[in-house]
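As a plain string of letters, each chain reads:
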Amino acid sequence: MEDTINNLTTLFEEAKQNVEFEFVQILINYKSIGAKELSSNLHEWFDAIEFYKRLYYQFTEKEKTRIGTLLYSTFFENSDFYNILGSLCKVKLGYKGSTYLFWKTKKYERLLGIGEKQDFLLELLDDAGKPNIISFYQDNHLKQIRNTFFHSAYSLGDGEYILHDSESIVINGVGQSYFSVSEFLYPKIENVIIFFDAFKRLYLDSFASYQADKEVDALFPNPCKAIILGSKDGLKGFKIKNSVQFYGEWHDSGIWFDEKFGMWAGHNIRFDFANIETIEIRESLTRYENKEDINRSDREFENLVDKILERKNADEIYRATHLLVKFGDIRLKKMVAETNGFKQRNFPKIILPFYRQAVEVGSKIMDMTEVKKNIETLENFMNPQ
């Protein structure tokens, strides 16, 4: 876990060094006016897991397993935790963070699931060069444990956790419907505790580090100077001096903690969510245009394309179509270079979704002759006459 915590520590450091103004906004995690402990689910998550930790180390046998599994499952559920990690990656890469980074699907008809958030996050972690955090998730998070526990679809007995109404867990290459809590589950819970402790410390220490005001460069939304507000209690927000004018008088804008009412509040600012979405989508397009390939998961990219199609913006559709063709071409080249015939036969089912969607969304704005030929070739390869 040492390498994982080093990755996490440097992620905080690199985001702050790259654009401190964006880093501060990640720490504030502002969504709307509200008390510090109530406007984000992060603080209750901190307190709850600390409580579960005390019980986990206090109890033994089945009680220890139940509390440990509760701790384990709760850790992987927190939405602001994913937003903060993902936003740190984006700021490190030169983009803006967001309090709604992993929020809803294309039509905003449902919240993203934990598996979807993790798929989105893993690709960002890969872009940010954090392989050990990726390994932490891959080695320690098993949806079968979380789902069976939260759905009461498990049994405990003789030092084993038994799954019910669940797909099996692959352990040492073998699918199993049970596992040893001492040899398999407890080490994963301990790793989760180590990661949680490090994240909480880094977040709170970063917040507490702002003991005095500090001027930094900012985009809000135009280039300006911002004052990060510090105090003996740590970060209190940020302020842009004389940035808005009302009735001939200049006023400050920003987000800062109102001591009188005990809550975070935006001052003289307006959140244009349509504009925020446009910025996030176009930054994501740029990020994928600059990527050589999708390395970990294409779920984030799929969701990006879905949102673009919903918005019906011609420029965004044009760029998304180019990306669909780009990633299809990359996989086609890999297929051609593959010398193992069995592996080669698996490529068309990976390539065709990119090409088919490119034709579907981009035929009216791009020449798809070559793409259609590639589709026909791949379909014939899959189904030889």
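Residues numbered from 1 in each chain as written. Predicted model: local features only at pLDDT ≥ 70, side-chain atom pairs only at ≥ 80, totals over all residues. Heavy atoms only, no water.

Description of the packing of helix 12 (residues 314-337) against helix 14 (residues 347-362)
Next up, step 1: Axis separation between helix 12 and helix 14 bottoms out at 9 Å; the angle between their running directions is 155 degrees. It follows that helix 12 is roughly antiparallel to helix 14 by the angle criterion. The two elements helix 12 and helix 14 cross, and the hand of that crossing is left-handed. Of the residues in helix 14, those touching helix 12 at I317, T321, L324, V325, F327, G328, D329, R331, L332, K334 and M335 are F347, P348, I350, I351, F354, Y355, Q357, A358, V361 and G362.
Next up, step 2: Counted by class, the contact of helix 12 with helix 14 contains 14 nonpolar, 4 polar and 3 charged residues. (Axes fitted to C-alpha atoms, helices over the stretch in contact; angles between N-to-C directions. Helix = DSSP H or I, 4+ residues; strand = E, 2+ residues; numbered from the N terminus. Parallel < 35°, antiparallel > 145°, perpendicular 65-115°, else oblique. Left-handed = near helix turned anticlockwise from the far one by under 90°. Contact = heavy atoms within 4.5 Å. Nonpolar A, V, L, I, M, F, W, Y, C, P; charged D, E, K, R; others polar.)

As for helix 3 (residues 42-58)
Next up, step 1: The end-to-end C-alpha separation of helix 3 is 25 Å, in line with the 24 Å expected for 17 residues at 1.5 Å each.
Next up, step 2: Among the residues of helix 3, L42, H43, W45, F46, A48, I49, Y52, K53, L55 and Y56 are the ones counted as buried.
Next up, step 3: Buried residues along helix 3 sit in contact with helix 4 (61-75), helix 5 (79-92) and helix 9 (181-208). (Expected span 1.5 Å × (residues − 1). Buried < 20%, exposed > 50% of the residue type's maximum accessible area, 1.4 Å probe, protein only.)

Let's talk about the nonpolar core
Next up, step 1: In terms of nonpolar packing, the biggest core is built from 76 residues, with L8, W45, F75, F81, Y137, F179 and F199 touching the most fellow members.
Next up, step 2: Considering every element that reaches this core, the biggest residue donor is helix 9, with 14 residues.
Next up, step 3: When neighbours within four sequence positions are excluded, L8 is seen to be in contact with L85, I133, F195, A198, F199 and L202.
Next up, step 4: L304, I308, L352 and V361 belong to the second largest nonpolar core, which has 29 residues in total. (Core = buried A, V, L, I, M, F, W, Y, C linked by side-chain atoms within 4.5 Å.)

Examining the packing of helix 4 against helix 8 (residues 143-150)
Next up, step 1: Close contact between helix 4 and helix 8 brings their axes to 9 Å; oriented N to C, the two are set at 115 degrees. Regarding helix 4 and helix 8, the two cross each other, and that crossing is left-handed. Each of R66, T69, L70, Y72, S73 and T74 in helix 4 lies in contact with helix 8, whose residues at this interface are I145, R146, F149 and F150.
Next up, step 2: Split by residue class, the contact of helix 4 with helix 8 holds 5 nonpolar, 3 polar and 2 charged.

Quick word on the sheet that holds strand 5 (residues 178-180)
Next up, step 1: Read across the sheet, 3 strands follow the order 1-2-5 without closing on themselves; strand pairing throughout is antiparallel. If you trace the sheet from one side to the other, it starts and ends with strand 1 (154-157) and strand 5, each paired once. With direction set aside, neighbouring strand axes in the sheet form an average angle of 20 degrees.
Next up, step 2: Bridge count for strand 1 against strand 2 (residues 160-163) is 4 bridges, and the pairing is antiparallel. The partner of L156 across the bridge, within strand 2, is Y161.
Next up, step 3: Sitting on the sheet, helix 8 touches strand 1, strand 2 and strand 5, and the angle it makes with strand 2 is about 80 degrees.
Next up, step 4: Against the sheet, helix 9 makes contact with strand 2 and strand 5, and its axis sits at roughly 85 degrees relative to strand 5, the strand it touches most. (Pairing = 2+ DSSP bridges.)

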